[in-house]
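Chain by chain, the residues run as shown.
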Amino acid sequence: MTREEWQAFVLEGTRTGKLATVRADSTPHVVPVWVVLDGDDVIFNAGDTTAKVRAIRHQPHVALLFDDEQPPFSFVLIRGTATLSDDLDEVRKWATRIGGRYMGDDRAEEFGARNGVPGELVVRVTPTKVIAQADISD
């Protein structure tokens, strides 16, 4: 896939990302996340005390997988480095955009208010490698 194609694939409908991290005890952790893009960067919100944030603090190298589970099957795998921000203006801005994507524009402000609060963070994953393949079973 081209850059434009993998970005469109990631943003299609309400497709979730599967975030893979490594915990401090070296065990893997995978969790679904709601995302938006900022250029090539993947943005999501997370609570400050969640397992994913603790893992990112321990090891900021992460992977995100987006897949289409229907034939002919496609996927985008993004490897990158995650950074965390607790700037409330940023948290609210991204929580609103993410809420609008997954819950609809009419509920964006509601989700921004709910998730754009102290204790919530913006996680920004800057890609170091993108592997994107379409129509695998064709």
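The next subject is the overall build of the protein. What the protein contains, in helices and strands, is 4 helices and 7 strands. Along the protein, from the amino end to the carboxyl end, the secondary structure elements read α-β-β-β-β-α-β-β-α-α-β. For the protein, whose C-alpha radius of gyration is 15 Å, the value lies close to the compact-globule estimate of 14 Å for 138 residues. A total of 138 residues make up the protein; the buried ones form 40% of that total. In the protein, once contacts between residues fewer than 6 apart in sequence are set aside, the share between residues at least 24 apart is 70%. When the accessible surface of the protein is totalled, it reaches about 7,300 Å², and 50% of it is carbon and sulfur. Within the protein, one finds 16 positive and 22 negative side-chain charges whose respective centroids are separated by 5 Å.

To continue, consider helix 3 (residues 88-103). With 16 residues, helix 3 ought to run about 22 Å at 1.5 Å a step, and its terminal C-alpha atoms sit 21 Å apart, in line with that. Inspection of helix 3 places Val91, Trp94, Ala95, Thr96, Ile98, Gly99, Gly100, Arg101 and Tyr102 among the buried residues, and these make up the whole buried set. With a side-chain oxygen lying 3.1 Å from the backbone nitrogen of aspartate 89, the N-terminal cap of helix 3 falls on aspartate 87. At the C-terminal side of helix 3, glycine 104 shows a positive phi close to 100°.

Within the element layout of this structure, arginine 15 appears in the loop between helix 1 (3-10) and strand 1 (17-22). Dropping the residues within four chain positions of it, arginine 15 is found in contact with Phe9, Val10, Phe66, Asp67, Asp68, Arg101 and Tyr102.

Further remarks concern the sheet that holds strand 1. Spatially, the 7 strands line up as an open sheet ordered 2-1-5-6-7-4-3, and their pairing is antiparallel. The open sheet has two edge strands with one neighbour each: strand 2 (28-33) and strand 3 (36-38). Direction aside, the axes of adjacent strands within the sheet are offset by 35° on average. As paired elements, strand 1 and strand 2 share 6 bridges and run antiparallel to each other. Within strand 2, the residue paired with leucine 19 across the bridge is valine 31. Contacts from helix 3 reach strand 2, strand 3, strand 4 (41-47), strand 6 (74-85) and strand 7 (120-133), with the element oriented near 100° to strand 4.

Criteria and cut-off values
- Numbering of residues starts from 1 in every chain and runs along the sequence as written.
- In keeping with the predicted nature of the model, local features appear solely for residues at pLDDT of at least 70, side-chain atom pairs appear and are counted solely at 80 or more, and the whole-chain, interface and lining totals rest on all residues.
- No hydrogens and no water enter the side-chain calculation; it runs on all heavy atoms of the structure.
- The helix count covers DSSP runs of H or I at least four residues long, the strand count covers runs of E at least two residues long, and both are numbered beginning at the N terminus.
- In this setup the radius of gyration rests on C-alpha atoms only. A globule is expected at 2.2 Å times the number of residues raised to 0.38.
- Classification of residues uses two cut-offs on accessible area relative to the type maximum, computed with a 1.4 Å probe and protein chains only: under 20% is buried, over 50% is exposed, and between them is partly exposed.
- The contact criterion used throughout is that any non-hydrogen atoms of two residues lie within 4.5 Å.
- Each accessible area is a Shrake-Rupley estimate made with a 1.4 Å probe; only the visible protein chains count as cover when residues are assessed.
- Neither His nor the chain ends contribute to the count of charged residues, in which Lys and Arg are positive and Asp and Glu negative.
- By convention, the point assigned to a charge is CZ for Arg, NZ for Lys, CD for Glu and CG for Asp.
- In this scheme, a helix's expected span is set at 1.5 Å multiplied by one less than its residue total.
- The definition of a polar contact used here is a pair of N or O atoms within 3.5 Å, where within protein one atom must be able to donate a hydrogen and the other to accept one, and adjacent residues in sequence count solely through side-chain atom pairs.
- Two strands are counted as paired when DSSP detects at least two bridges linking them.
- For helices, the fitted axis covers only the stretch in contact; all axes are lines through C-alpha atoms, and the angles between them, taken along N-to-C directions, range from 0 to 180 degrees.

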